[in-house]
Structure formats: structure tokens, C-alpha cells
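The lines below spell out each chain.
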Amino acid sequence: MRTPTVGRDPELCTTRALLVGAAAGRTTTAFVTGEIGVGKSTLLDAVTGQARALGFAVATARATRLESDLRGGVAGQLADGLRADPVESLGDLHKAVRRALARGPLLLVVDDVHLADSWSLRCLAYLLRRICDEPLAVLLSAATGHSPAGEVALPELTGGHTTTIELDGLDVDAVAELLDDRRIARACHEVTGGNPYLLRALRAELKPDADIATLGSSDIGQILRVRLRPYEGATELVRATAVLGPDATVDRVATMAGVEPRRALRIIDALVRLHVFRDDYPIAFVHPFLRNSVLADLPVATRAADHARAAKLLADAGAPDARVAEHLREARAIPLPWAVDVLRRAARQATHDGRLDAAQDYLERALEERLTSDERLAVQLELVHVTYIVDQAEGMAKLRDALAHADDARSAAGQAVSMLLRLCSAPEARLALSIGLQLVSRLSSQEHDESWELRTMSYLAGVGNNVGLALRASMFTDELESEVPNSPRLRQVHSALMSLGHALRGDSAEKAVQYAAEALDGDRVDVFTQPFVFTVSTCFMADAPDLSDRFRRMIGSEAEPHDYHLRKGTVVSLAHGMDYLAKGDLVRAKTFLKWQLRLFDELHAVDVCPMAILCAARLAEVLVDLGRFDEARDLLARHGFAGELPEMFQHNVTLFARGKLKLATGDAAGALEDVSECGRRLTASKIDSPAILPWRALAVRAQLALGMREEAARLALEDLERAKRWGTPRAMGTALISVGLTSDDEPAVRALRKAVEYLTESAARLLHAEALFELGARLRRRGQPERAIPHLRRAVELSARCESKPLIGLAADELRACEPATARGTVHGLTRQETRVAGMAAQGLTNRQIAEALFLTRRTVELHLSGAYRKLGITGRADLAAALHRGD
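Keep in mind that what you see is a predicted model, and the values were worked out from it rather than measured.

Colleague: I'd like to hear about the nonpolar core, residue by residue, with values.
Modeller: The biggest cluster of nonpolar side chains holds 173 residues, and the ones touching the most others in it are F528, F534 and F600. No other element matches helix α32 (residues 610–626), which puts 13 residues into this core. By size, the runner-up hydrophobic cluster in this structure holds 51 residues, among which are A174, L199, L290 and V294.

Colleague: Which residues make up a positive patch on the surface, and what values go with them?
Modeller: A contiguous patch of positive charge, built from R83, K95, R99 and R103, is present on the exposed surface. Looking at the secondary structure, you find R103 in helix α4 (residues 90–103). Classification of R103 by relative accessible area gives exposed; the value is 64%.

Colleague: With reference to specific residues and values, describe the packing of helix α26 (residues 488–505) against helix α27 (residues 509–520).
Modeller: Remark: α26 packs on α27, axes separated minimally by 7 Å, with the N-to-C direction vectors making an angle of 160°. Judged on the interaxial angle alone, α27 and α26 are roughly antiparallel. Seen along the crossing, α26 lies across α27 with a hand that is left-handed. Contacts between α26 and α27 involve Q492, S495, A496, M498, S499, H502 and A503 on the former and, on the latter, K511, A512, Y515, A516, E518 and A519. When its residues are assigned to classes, the contact of α26 with α27 shows seven nonpolar, four polar and two charged.

Colleague: Please set out the sheet that holds strand β5 (residues 163–166) residue by residue, giving values where relevant.
Modeller: Strand pairing within a sheet occurs via backbone hydrogen bonds; the two strands may be parallel or antiparallel. In space, the five strands of this open sheet follow the order β2-β3-β4-β1-β5, with parallel pairing throughout. Both outer strands of the open sheet, β2 (57–62) and β5, are each paired with one neighbouring strand and no more. Strand-to-strand twist of the sheet, defined as the mean angle between neighbouring strand axes without regard to direction, takes the value 15°. Of the pairings in the sheet, the one linking strand β3 (residues 106–111) to strand β4 (residues 136–143) comprises five bridges and is parallel in character. Paired with L106 across the two strands is L136, which belongs to β4. The sheet strands contacting helix α2 (residues 40–53) are β1 (28–34), β2, β3 and β4, and the helix crosses β3 at an angle near 170°. The strands that α4 touches are β3 and β4; relative to β3, the one it contacts most, it runs at about 140°.

Colleague: Describe the pairing of β4, listing the residues and the values that go with them.
Modeller: Counting buried positions over the eight residues of β4 gives eight, a clear majority of the element. The alternating pattern of β4 places L136, V138, L140 and A142 and A137, L139, S141 and A143 on opposite faces, both of which are buried. Pairing geometry for β1 and β4, over seven bridges, is parallel. The residue bridging T29 from the neighbouring strand is V138, located in β4. This β-α-β element, β3 to helix α5 (residues 118–128) to β4, shows right-handed connectivity.

Colleague: An account of the side chain of T538 is requested, with residue identities and associated values reported.
Modeller: Tracing the chain through its elements places T538 in helix α28 (residues 531–540). A polar contact is formed between the side chain of T538 and the backbone oxygen of F534, at a distance of 2.9 Å. At a separation of 3.0 Å, a polar atom in the side chain of T538 contacts the main-chain carbonyl oxygen of T535. Setting aside its immediate chain neighbours within four residues, T538 contacts F551, A575 and M578.

Colleague: Tell me about the packing of helix α38 (residues 729–742) against helix α40 (residues 765–781), and please be specific about residues and values.
Modeller: Interhelical geometry of α38 versus α40 gives an angle of 25° and a closest axis separation of 10 Å. In terms of orientation, α38 and α40 fall into the roughly parallel class. Crossing angle aside, the handedness with which α38 passes α40 is left-handed. Listed contacts from α40 to R730, T734, I737, G740 and L741 of α38 are L767, E770, A771, E774 and R778. Considered class by class, the residues forming the contact of α38 with α40 number four nonpolar, two polar and four charged.

Quick notes on the rules
- Residues numbered from 1 in each chain as written.
- Predicted model: local features only at pLDDT ≥ 70, side-chain atom pairs only at ≥ 80, totals over all residues.
- Heavy atoms only, no water.
- Core = buried A, V, L, I, M, F, W, Y, C linked by side-chain atoms within 4.5 Å.
- Buried < 20%, exposed > 50% of the residue type's maximum accessible area, 1.4 Å probe, protein only.
- Helix = DSSP H or I, 4+ residues; strand = E, 2+ residues; numbered from the N terminus.
- Patch = residues over 30% accessible without salt bridge, like charges linked within 9 Å, V, L, I, M, F, W, Y side chains within 5 Å.
- Areas by Shrake-Rupley, 256 points an atom, 1.4 Å probe, with all protein chains shown as cover.
- Salt bridge = Lys/Arg side-chain N within 4 Å of Asp/Glu carboxyl O.
- Lys, Arg positive; Asp, Glu negative; His and termini not counted.
- Charge placed at Lys NZ, Arg CZ, Asp CG, Glu CD.
- Axes fitted to C-alpha atoms, helices over the stretch in contact; angles between N-to-C directions.
- Parallel < 35°, antiparallel > 145°, perpendicular 65-115°, else oblique.
- Left-handed = near helix turned anticlockwise from the far one by under 90°.
- Contact = heavy atoms within 4.5 Å.
- Nonpolar A, V, L, I, M, F, W, Y, C, P; charged D, E, K, R; others polar.
- Pairing = 2+ DSSP bridges.
- Right-handed = clockwise from strand over helix to strand, strands pointing away.
- Polar contact = N/O pair within 3.5 Å; in protein donor to acceptor, adjacent residues only side chain to side chain.

See the structure below:
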């Protein structure tokens, strides 16, 4: 440790100036104030050294609490320093000082004057009012907030003619110099405020790799406890505040301390003046080290009991589980059966927030309670999950231990199923499979339902992740589908699995919908919120509106989601977003998906949670359809989805969306690479269905853009074959558009007409608009503009309702290309924009449709039409077509 006056140069300059003034014959008085331990005594010692160096005689006294009632204690110390007789009357000290001044300049120092006895204070007051213009300097110190022990107020000592020096804590640089260690200076400053006394106590507690923020000194705690004894109730209030920590409020602190609230307020006021508490709310210590020291002064059992009381107090007040759990984990060895549920909920939230160490602590604390075998296994599996996220090897070891001690395999299977619904990331899928396989082997033939459910959930966890796990999981598909469980609830799950199987194979939309309806006909089953099931279900249910509504009603319950990345309402909001996207309601889809992605983003879950990945991918797809290409590109890049992607099922949607973006922005080669990789992954996972992702249709467009017409035609026919097998209007329409784009002349028109017919029956408005556009464009290029116009007009109308700016623009361009020759010229004296607007109006488009197609306001369209009417010599829209043809 360096010199104790480090960081006090400004104060020493002030005191030196006062001494110089006193030496010149001007009586000076200085008052040094500051909180306990800030260095007042050290500064006074340094000033006495300055005074002696300047030729001053020095007399010092130090008041103490033990001598506060000793008459003349401080005055006697000063008289001894002046080598004078004992002070018997008020004038004795005055006479002694006069005699000393006759010999030269004099410095009188009284440390902790607030503790001085009344008689000494009166002697000092008598002295200071009778000496002026003498070489006398008087230096007094007092702790902030402490009242004098006697009846003389401190300002009365000097009559107000004094220099006040307020000592604050040392700054970070001074702390570094004092501790001779710059690495820890800032952390030490934060917990002590730079108080030198606290810094020295903290230094004594430091150990290698210690967490400075948690260190405390029992010696400091004891000193504070003793110093607060004169303030009745203060010790109890300080202890309650230390235990409650950030949960300290006046009512809670008063209850914990057993102090009446109004009296507690008076004590808190005194503690604020003493610089023990901050002058703020909620109640807190000025220095965290003080709080830690109060806690360090408490016996272990007392501290645990206090935290148990605090936990119960908070729980009864409806405080957040996380706050209650913080006290519960400090209440070791105190039986609290009610605490288990709180600790489990808090662990879930902590895992959700990425505070995995806290989650482990909460669960380990829960295991200290007396639990049933089922409850213990449930908590152990939750602990396995959290541990596995931190350290996979340790997590697997805990899993083996938990299962080895499970008494009832059937009960263990039920607990494992609940846990499997919580596991979502790719590494967690491996844990899921391990749990499933280990427990299934322990179940007997009489426990068929439990075995089937456990195998089903393990299958779903595996099939939704990388291709290797998906292939392993797919080996169980036929077995799981052929076995029908006995439980009504599990029969619902079996129907969901059957529906899923038909959707993945793409063999029958009718059967997929039939089984899905059976699964949704009953009480809520959690399987629909499992990420893989949810992703597939939202793909194929979009073509069955009634089923889609029932699906959202089932998953929209108020039950707490199993996946710790989700909140209540997240899954149903995602389902709404997917449904709106499938219907072409892009703005609503964007609203739902963007809001949920923001929540996922706040939790840093977008790159690991399958639901979050799905949300981001679908939002990117929406943004592309809206024409917001830069926003879609930024979204994918921001979340790390612009490069190579892990083989998680939901990343197939990311590849599809990314390919769609690249194709829309002119990168056909990049688009083909992404959608081909999407197709490869799906095929490798034994998923070959147009119900999941129409990747072939996107690949066809990319191949056509690259001049690969033969390859595109073959792929289009493959897509059509699968669409016929699946049998929905959306799938047929999508495939027929591809066939139309890769065919010539009349076959192309027939395919596109058929696509329009199919999609007219579908809820897929944007896809319908695309089919109309392609049909109109093909007819126009074949020299049949009059047959093209109705289709293009309808395409503009539908794409405008979807607010798809790219498609609006394309359809509007084709419409303009269908305009009569005179409408495209300027023979009528019309401007180019007036010609466009008039030509589209003549074809029957409304002002709103024209405005959306040309990206104008309706008012601008009206002005252009008014100009055209005037130049053409007509009165309104009804005469527009004939007027434009007059120049032919």
C-alpha cells in the first residue's frame, strides 16, 4: 500500500494555504467532513506535519465515543499538548492558547469533534470567539450525518467563520495508486466508492480470482453494527436491507426488521445522512462492500433463515420468481416445500435469458427439498438439460445418473416426454434421442402407450435436425404409424403423426387433412407446438382454412410453452404470420412475424431456436414478395444466415427464402445453388413433398434465367407429377405455372390457364396473381393483347391487394405493352404519363389500381386523367377508349 495521503493533493493545498495565512497573523478555522473511513484522520495527520514544517506548535486531540460523557476530555488533551495546567474553567484553555501564541504560530487539531464532550465543545466555542488576528489555525473533523454528543451544535463552535473541506472517495487513479494494482482498481472503486478504510478492508479479503463484487469484511460489518447501536432499530433495518438487496422497499425492510413503518422511515433518513444508505429508491447501501460486510457478519444459519423469510415475503407479495429464487438459493438447509415450483419456474426463465449458472443453482437448490420420486426425476431432467447446454459430457453423465436412480420407468417416461418438448436446438436433439433410447429399453410390453409416446417424441426431435439424425429417426416412421396407442390423448397424437407422414411423403393431401382434423378434434395436445410438427403443419394446413383456424385455437391456449425460447402467445402469433403469408396478405404477415422476430432477437435466440429460425426465414420471404430486397438481405446477414447454414430442418426454409431473394435481385446462379441445396437436404431426409416447400418451382425459374431450358422442363414435369399425387390447388397451380414457363405456344397457354383455374379455388392470392400475370404475358407475346388484358388487369388487382410491388410493376408493364398504338403515342398532345394513365383507365382499371401499378398517388392519377380529358375533348372515363382510338 502506498502513502495514505494519496489522492489528497487538492485538500493539502487548501490546508497549506490556510496555515500560511495563519502564520501571517490571520486566525483561520477549517472543518473537514466526510463519511466514516474516508480519510479525515489521515488528512489531519498530514496537516500537522505541514504545520510543524512551517514552524507551528501543534496541539491535538481525538474524541472517542467512550469519552463522550467524560467532562473536559478533549479540552484536557489540548491542554496537555500545550503543556498547560488542567482545564477547570472556560477561560483556562483560552489562557493556555494565548500563552502559546506569544511564543509563535499555533495549530489546534480536534479529530471526530462530533464525539467530543459538551464541556470541551463549550471551551472551544469560548476560545474561538475571543481570538482573532493571531497566528492561530484550528482544524476540526466530523463524520457526515453524526449529531454532536453534547448540546453544542458544530456550526456554533466557529460562529460560521470557517473553511469547509468535504472529503469524497478517491478516484480510480488514486485507488490504483493506493492498492498498487491498476487491474482491479475500477472494480474496487465501484464497490467502495474509493473510501480508503473500506479499500484497505477489501484488500485484506482479496484472493486470486475472487469476485470483487461479492467480497465483504465481517470486521467492517461488526464495526458498523456497533456504531449504529445508539440508533434504536438501525442495526435490524441495515441487516434486513442487506438480506433483501435489490428487493428492499420500505414496507419489506420494516417487516423484516420488525419495525413500525413510520419509525422505519425515520431510521432510514438517519442512515442516509450517515452515508450508509443512498438517498434514492429502492433502499440500497451507498457502497456495495458495506452490504457484503453486513452479510459477512451474519452467522451462516442466521443468514439462511433471513433469506428464507425474505423469499416468503416476496412470494406472498407476488414478486417475480427470479427474485424469490435468488433468496431461496441462499436459504440452504431451510426446508421450504413451497419453493420447488418457484425454483423450477425461475430456472426456466434463467435458461431462457442465458443465465445458465443461475438456472443450475436454482435446480440444485430444488433438489435439496424433500421430493417425491416423480418430482425429483422431473427436476433432475431439467438440470440435465441446463447442464447439457453448458457441458454436453457432464450433461450426459447427469442423465445416466438420474435415469439409473429412477424407481418407476413409466413415470420416468412421462417426465422425459415433457422434457423432450423443451429441447429444440440441434445439440439438444442428440440429448433427446439419448433420453428416449435409454428409457424405452426399460419399459415393458405392458407399458406400450408410454413407449410409443417416448419413441414418437424422440423421432420428432431427431427428424427436425441434421440429415444424419433425420435418417436415423425416419427408420421408426412405419413402426410408429402402424402402432395405435390406447389412450384417447395419444390417439390424437397418433393422428397428428399420420397427418405429418402423409405431408412429408406428399402422397395424399386428403388423408393428411383427414388425420389432422382427427388430431385437432379433442383437448389440447402439445405435439403441435413441437418445432418440426409446427413447421410442417403450417405448410400444408394453409390450404384448409377451417383446419388452420382449429390449429391456431388449439395452440393458442394460455399454457406456458415448453420451449424456453417462447412466450405465451408466440406460437399462435407465428401461426398467424404463416397463414397470412400463405394467403398473400403480406402486410399482416410482416406485422406478426416482425414482432415475434424482435422478441427472439432480444433473447439472442434467432440462430439456435428452430421457431426463431423459421420466423426469420418466413419474414425474409415476406419482405422479398413486398419488394423490400435490401431489408430482406440485411435481415439474413444480421442473423448469420447469409453463408453456410447448419442442416436443421427450418434452415430449408431459410435456403428457400434466400434463393427467392437472389432470384428477385438478378442472381439466378446463387438462387439455383440455394434452392438446389434445399432440395438435396429434403430429399436426403426422405422428404419429397410439394406441401412443404415449392423448391422445384423456384429452381425452374432460376434455370430459365440461366438458359437451362431442358433442365427446367424436366424439373417442371417432376414437380407436376408430385403435385398430382398431393392434389391441392396450390400445389397444382404452382407446378402448372412451371410447366407453362417451360413450354411453347399453345401448350404453355393451356398449362397457364389450368394453373389459373386451380388457383382461383385456392386461398393463395399472390400465387393466383402470378399465374394471371404469366398467362397474360404469354398471350400478349403471342399477339393477343385483347385476350391478355383481363388477366393482367386481374393480376394487378390481386397483387395490389397483396401489396406485392414487384408483381404490381411487372403486371403493369405488361398492361402498358397491351395499349393501342395511339395510346402509346402523343398524337393527341398527351404527355407520356397522361398516355399511360389514360390507356390503363381505358382498359377498365380503377384510379387506385392505376396508382398502385405506377407508384403514384390517387390525386396524381386524377390530375393526369383531367388533363387527358381536356386534351381529348371528352367529359369523362366512358368516352376514353373511343377517343384514344380516333387517331388509329
